[in-house]
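So the chains spell out like this:
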2 protein chains.
Amino acid sequence: MKFKLFPITAIVLAGLATAGVAHAQAKPEETLKMRQGLFQAIKTNFGPIGAVAKGEAPLSADTAARAENLAALAKIAPMGFPAGSENIAGGKTKPEAWQKAEFKAGFEALQAESAKLAEVAKGGDVNALKAQVGAVGKTCKACHDSFRAE
Amino acid sequence: MKFKLFPITAIVLAGLATAGVAHAQAKPEETLKMRQGLFQAIKTNFGPIGAVAKGEAPLSADTAARAENLAALAKIAPMGFPAGSENIAGGKTKPEAWQKAEFKAGFEALQAESAKLAEVAKGGDVNALKAQVGAVGKTCKACHDSFRAE
């Protein structure tokens, strides 16, 4: 099998090189789609955790998995805001955000609080989960209030 | 501080409840944006790892971080394909995919191989990285060949 793997790997790597170039020259609409898609994924994962915090659903393995996803997405989300993407048509982020220390700090706060949420969600304490959901939500609200244009 | 936290938490939870409802009734275009945004994020993270595998960039902490991101995104990506999203306008996935065991298995293969890549990327062995990049790339190609409409 080994001799067969090498050509396939070469083909895959050739494709990746193209993908790498494509990323370096990512179209503005691709960057915006990534940005908005990542935040839709954050919402998709955080929403059902909020329902658990409200007592509308039981704390379960699904809650813990979504909290892990959220913590990962918090780390990835800044990739949706590369330098030079301040004025993409259809973007909802104030261009001034890119120059603000609070914007970067806001992501770091989201990352820290969602990492804590991922830990809390592994336990069975709904009150602790509720408190930490609130802490995460505050980081969302802080950045949205400051930097979302609409 | 504690008495101040509770009203804020209540506001956040009220917002989340709305978000939860919004998710349950996610618009088709939101689902598609999430799907395509997640795959753009996969490309954004996998591309530079491929460059390392090709010897175009050094294996670094950035490589390991991107591999962690990729492994997380592989777990999240199936959320872009919920039941009922087979025929969203602008989608590039063959509607038959939702009925195929190979489609689910394809995501599981991507998840398994990218989790291995995250482990390999923590080490300093570029040849091992190259082999595992090839293994991940094969899972991408398999699903794209079978289920991508264009």
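Structure report, in brief. Residue positions within a chain follow its written sequence, with the count starting from 1. A letter from A marks each chain and a number from 1 marks each ligand, given out in the order of writing. Per-residue local features are limited, in this predicted model, to residues with pLDDT of at least 70; the limit for side-chain atom pairs, both in listing and counting, is 80 or more; totals at the level of whole chains, interfaces and linings are taken over all residues. Excluded from the side-chain calculations are hydrogens and water; all other atoms, namely the structure's heavy atoms, are used.

### Remarks on the overall build of chain A
Phase 1: Put simply, DSSP marks the helices as runs of H or I at least four residues long and the strands as runs of E at least two long, and each gets a number from the N terminus on. Scanning chain A from terminus to terminus reveals 5 helices and 0 strands.
Phase 2: Ordered by position from N to C terminus, the α and β elements of chain A give α-α-α-α-α.
Phase 3: For this analysis, residues touch if any pair of their heavy atoms sits within 4.5 Å. A fraction of 73% describes how many contacts in chain A between residues 6 or more apart in sequence connect residues 24 or more apart.
Phase 4: Only the protein chains shown count as cover for residues, and the accessible areas themselves come from Shrake-Rupley with a 1.4 Å probe. About 7700 Å² of surface is accessible on chain A, with carbon and sulfur atoms providing 59% of the total.

### A short note on the pattern of salt bridges
Residues and elements named next belong to chain B.
Phase 1: The working definition used for a salt bridge is a side-chain nitrogen of Lys or Arg within 4 Å of a carboxyl oxygen of Asp or Glu. A full pass over the atoms with the stated rule returns 12 salt bridges over all chains.
Phase 2: In this structure, R66 and D62 form a salt bridge, with 2.8 Å as the shortest nitrogen-oxygen distance. Separated by 4 residues within a single helix, R66 and D62 lie in helix α3 (residues 61-76), roughly one turn from each other.
Phase 3: Summary of the burial criterion: residues with accessible area below 20% of their type's maximum are buried, those above 50% are exposed, and those between are partly exposed, where the area comes from a 1.4 Å probe applied to protein chains only. You can call R66 buried: its relative accessible area is 15%.
Phase 4: A salt bridge links K141 to D145, with the shortest nitrogen-to-oxygen separation between them at 2.8 Å. Residue K141 and its partner D145 are located together in helix α5 (residues 126-147), separated by 4 residues, close to a single helical turn.

### A short note on α5 of chain B
All names here are of chain B.
Phase 1: By definition here, a helix of n residues has an expected span of 1.5 Å times n minus one. Under the 1.5 Å per step criterion, the end-to-end length of α5 is 31 Å for 22 residues, consistent within 8% with the ideal 32 Å.
Phase 2: If you check which residues of α5 are buried, you get L129, Q132, V133, G134, A135, V136, G137, T139, C143 and F147.
Phase 3: The N-cap of α5, judged by a side-chain oxygen 3.0 Å from the amide nitrogen of N127 a few residues on, is D125. Any pair of nitrogen or oxygen atoms within 3.5 Å is treated as a polar contact; in protein, a donor-acceptor pairing is required on top of that, and neighbouring residues in sequence qualify only through side-chain atoms on both sides.

### Considering the packing of helix α2 (residues 28-53) of chain A against helix α2 (residues 28-53) of chain B
Phase 1: Contact pair α2 of chain A / α2 of chain B: the axes reach a minimum separation of 7 Å and the direction vectors enclose 110°. Accordingly, the angle class assigned to the pair α2 of chain A and α2 of chain B is roughly perpendicular. Seen along the crossing, α2 of chain A lies across α2 of chain B with a hand that is left-handed. Within the contact between the two elements, α2 of chain A uses E30, K33, M34, Q36, G37, L38, Q40, A41, K43 and T44 of chain A and α2 of chain B uses E30, K33, M34, Q36, G37, L38, Q40, A41, K43 and T44 of chain B. Angular values range over 0 to 180 degrees, each being the angle between N-to-C directions of two axes fitted as lines to C-alpha atoms, with helices fitted over their stretch in contact. Each angle receives one of four descriptions, namely roughly parallel if under 35 degrees, roughly antiparallel if over 145, roughly perpendicular if within 65 to 115, and oblique otherwise. Two helices crossing with the near one rotated counterclockwise from the far one by less than a right angle form a left-handed crossing, whereas a clockwise rotation gives a right-handed crossing.

### Examining the packing of helix α3 (residues 61-76) of chain A against helix α4 (residues 101-122) of chain A
For any two helices packed against each other, one specifies the crossing angle of their axes together with the interaxial distance.
Residue and element names in this part refer to chain A.
Phase 1: Packing of α3 against α4 leaves a shortest axis separation of 8 Å and a crossing angle of 165°. With respect to their mutual orientation, α3 and α4 come out roughly antiparallel. Between α3 and α4 lies a crossing whose hand is left-handed. Note on element contacts: α4 touches α3 through L110, Q111, S114, A115, L117, A118, A121 and K122, opposite T63, A64, A67, E68, L70, A71, A74 and K75.
Phase 2: We call Asp, Glu, Lys and Arg charged. Ala, Val, Leu, Ile, Met, Phe, Trp, Tyr, Cys and Pro are nonpolar, and the rest, Gly among them, are polar. The class makeup of the residues in the contact of α3 with α4 is 10 nonpolar, 3 polar and 3 charged.

### Some details on the nonpolar core
The nonpolar side chains of a soluble globular protein tend to be buried with one another.
Phase 1: Core analysis: the biggest nonpolar cluster contains 60 residues, and L38, L73 and L117 of chain A together with L38, L73 and L117 of chain B have the highest contact counts within it.
Phase 2: Looking at this core, the elements with two or more residues in it are α2, α3, α4 and α5 (126-147) of chain A together with α2, α3, α4 (101-122) and α5 of chain B.
Phase 3: Excluding anything up to four places from it in sequence, L117 of chain B contacts F46, I49, A67, L70, L129, Q132, V133 and V136 of chain B. Note on terminology: a nonpolar core comprises buried Ala, Val, Leu, Ile, Met, Phe, Trp, Tyr and Cys residues joined through side-chain atoms within 4.5 Å.

### Some points on the packing of aromatic side chains
Phase 1: A pair of Phe, Tyr and Trp rings is counted when the ring centres sit within 6.5 Å of each other, with Trp represented by its six-membered ring. The angle between the planes then sorts it: under 30 degrees is stacked, over 60 is edge-to-face, the rest tilted. A complete count under the given rule lists 14 aromatic pairs over all chains for this structure.
Phase 2: Look at F103 of chain B and F107 of chain B: their rings are 5.2 Å apart centre to centre, the planes differ by 70°, and that puts the pair in the edge-to-face class. Of the two residues, F103 of chain B and F107 of chain B both sit in helix α4, 4 residues apart, roughly one turn of that helix. In this pair, the class of F103 of chain B matches that of F107 of chain B, namely buried.
Phase 3: Among the aromatic side chains, those forming a connected cluster through ring pairs are F39, F81, W98, F103, F107 and F147 of chain A.

### Points about the state of the cysteines
Phase 1: A pair of cysteine sulfur atoms is labelled a disulfide when the two atoms are within 2.5 Å. Considering all chains together, one arrives at 0 disulfides over all chains under this definition.
Phase 2: Considering cysteine sulfurs only, C140 of chain A is the nearest to C143 of chain A, which forms no disulfide, with 8.8 Å between them.

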